[in-house]
Amino acid sequence: MSNTWEIILSSPTPQAWIDRALKSLDLLLIDHAHCEKKAATSAISLIHKYPHFNLAKLLSPLAREELLHFEQVLKLIEKQGYQYKNLKSGKYAQTLYESSSKTEPNRLKDTLIICSLIEARSCERFHALIPHLPNSLKSFYSKLYKAEARHCDIYLDLYSKIFNDDWSIRLKELSAVESTFINQKDKLFRFHSGY
Ligand SMILES: [Fe+2]
Ligand SMILES: [Fe+2]
């Protein structure tokens, strides 16, 4: 059976992004650290914003896991001799959230789908990068790949538990937005950028 990330993404990462990533491992790792930190922040902000849906049960452990990944990537950055620093954010998440509904409950529905798509793209990119990575990064990314695949399922499971309706039509629309973004040329190279 296929993984959820393979089912919900509308297109694979362009080869040009993979080539660029392999030439910019420092930037890839530094931006990856920021992605882990942002993933934890998003989960915590959902718990805070929707206390009545008891999101903490699944999203608090998820946020802890993302912070652990953040710490692990920081260690790896240090080990590789790179310097962690703040980076200008890419437009990936912003583009997705701009397509999100502004009114509830559709806003939460869209947010859960968007979080799942972001996790799915992370998985797909880990999967695409792993065969080309130096050994020092290969095993770490293989471990992260499994965790992010689980997170991709958690967000869609939460949607089904809370709303008990079909996410597939809306997912197709948001997945098309996601796919258009990653298939565009992008001045800024980031973990979730275009090429
Ligand atoms: Fe993570
Ligand atoms: Fe994740």
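What you see as residue numbers is a count from 1 along each chain, following the sequence as written. Following the order in which they are written, the chains are lettered starting with A and the ligands numbered starting with 1. Per-residue local features are limited, in this predicted model, to residues with pLDDT of at least 70; the limit for side-chain atom pairs, both in listing and counting, is 80 or more; totals at the level of whole chains, interfaces and linings are taken over all residues. By convention in this description, side-chain values take in all heavy atoms of the structure and omit both hydrogens and water.

A. Highlighting the layout of surface pockets. Site definitions follow a grid-based scheme: protein atoms alone, a 1 Å grid, a 1.4 Å probe that fits but cannot get out for cavities, and for pockets an open set with protein on both sides within 12 Å along at least five of seven lines, plus lining residues having an atom within 4 Å of a point. Grid points are joined across faces, edges and corners, and a volume is the space filled by probe spheres set on the points. If you add up the space inside the largest pocket, you get close to 510 Å³. Lining the largest pocket are 26 residues, with Cys35, Lys38, Ala93, Ile118 and His192 sitting closest to its centre. Note on conventions: DSSP H or I runs of at least 4 residues are helices, E runs of at least 2 residues are strands, and numbering of each starts at the N terminus. If you list the elements that add at least two residues to the lining of the largest pocket, you get helix H3 (25–49), helix H5 (92–98), helix H6 (106–129) and helix H7 (135–163). The element best represented in the lining of the largest pocket is H3, accounting for seven residues. Here the term charged refers only to Asp, Glu, Lys and Arg, the term nonpolar to Ala, Val, Leu, Ile, Met, Phe, Trp, Tyr, Cys and Pro, and the term polar to all other amino acids, Gly among them. Residues that form the lining of the largest pocket fall into these classes: 10 nonpolar, eight polar and eight charged. Estimated volume of the second largest pocket: approximately 260 Å³. The wall of the second largest pocket is formed by 13 residues, among which Lys49, Tyr97, Ser100, Arg107 and Thr111 lie closest to the centre. Of all the secondary-structure elements, those providing two or more residues to the lining of the second largest pocket are H3, H5 and H6.

B. Here's a closer look at the side chain of Ser11. With respect to the helices, strands and loops of the structure, Ser11 is situated in the loop between helix H1 (4–8) and helix H2 (15–23). Think of it in three bands: with a 1.4 Å probe and only protein chains considered, a residue is buried below 20% of the maximum accessible area for its type, exposed above 50%, and partly exposed in between. Assessed through its relative accessible area of 15%, Ser11 is described here as buried. Side chain to side chain, Ser11 and Asn183 meet in a polar contact 2.9 Å long. Contacts were defined at the residue level, with two residues in contact if any of their heavy atoms lie within 4.5 Å. Excluding residues within four positions of it along the chain, Ser11 makes contact with Arg121, Ser179, Ile182 and Asn183. Here a polar contact is taken to be a pair of N or O atoms separated by no more than 3.5 Å, where protein atoms must pair a possible hydrogen donor with a possible acceptor and residues adjacent in sequence count only if both atoms sit in side chains.

C. Up close: unusual backbone geometry. Omega for the bond connecting Glu104 with Pro105 falls within 30 degrees of zero, at 5 degrees, which places this linkage in the cis form. By the secondary structure assignment, Pro105 is in the loop between H5 and H6. Phi at Asn54 is positive, roughly 50 degrees, even though this residue is not glycine. Positive phi outside glycine occurs at Asn164, with the angle close to 50 degrees.

D. Broad picture of the nonpolar core. What we call a nonpolar core is a set of buried Ala, Val, Leu, Ile, Met, Phe, Trp, Tyr and Cys residues that are connected through their side-chain atoms within 4.5 Å. Ranked by internal contacts, the top residues of the largest apolar core, which has 58 residues, are Leu28, Leu46, Leu59 and Tyr141. For this core, the secondary-structure elements that each account for two or more residues are H1, H2, H3, helix H4 (56–79), H5, H6, H7 and helix H8 (168–182). The greatest single-element share of this core, amounting to 13 residues, is contributed by H7. If we skip the residues at most four places from it in the chain, Tyr141 touches Leu28, Leu29, His32, Phe126, Leu129, Ile130 and Leu133.

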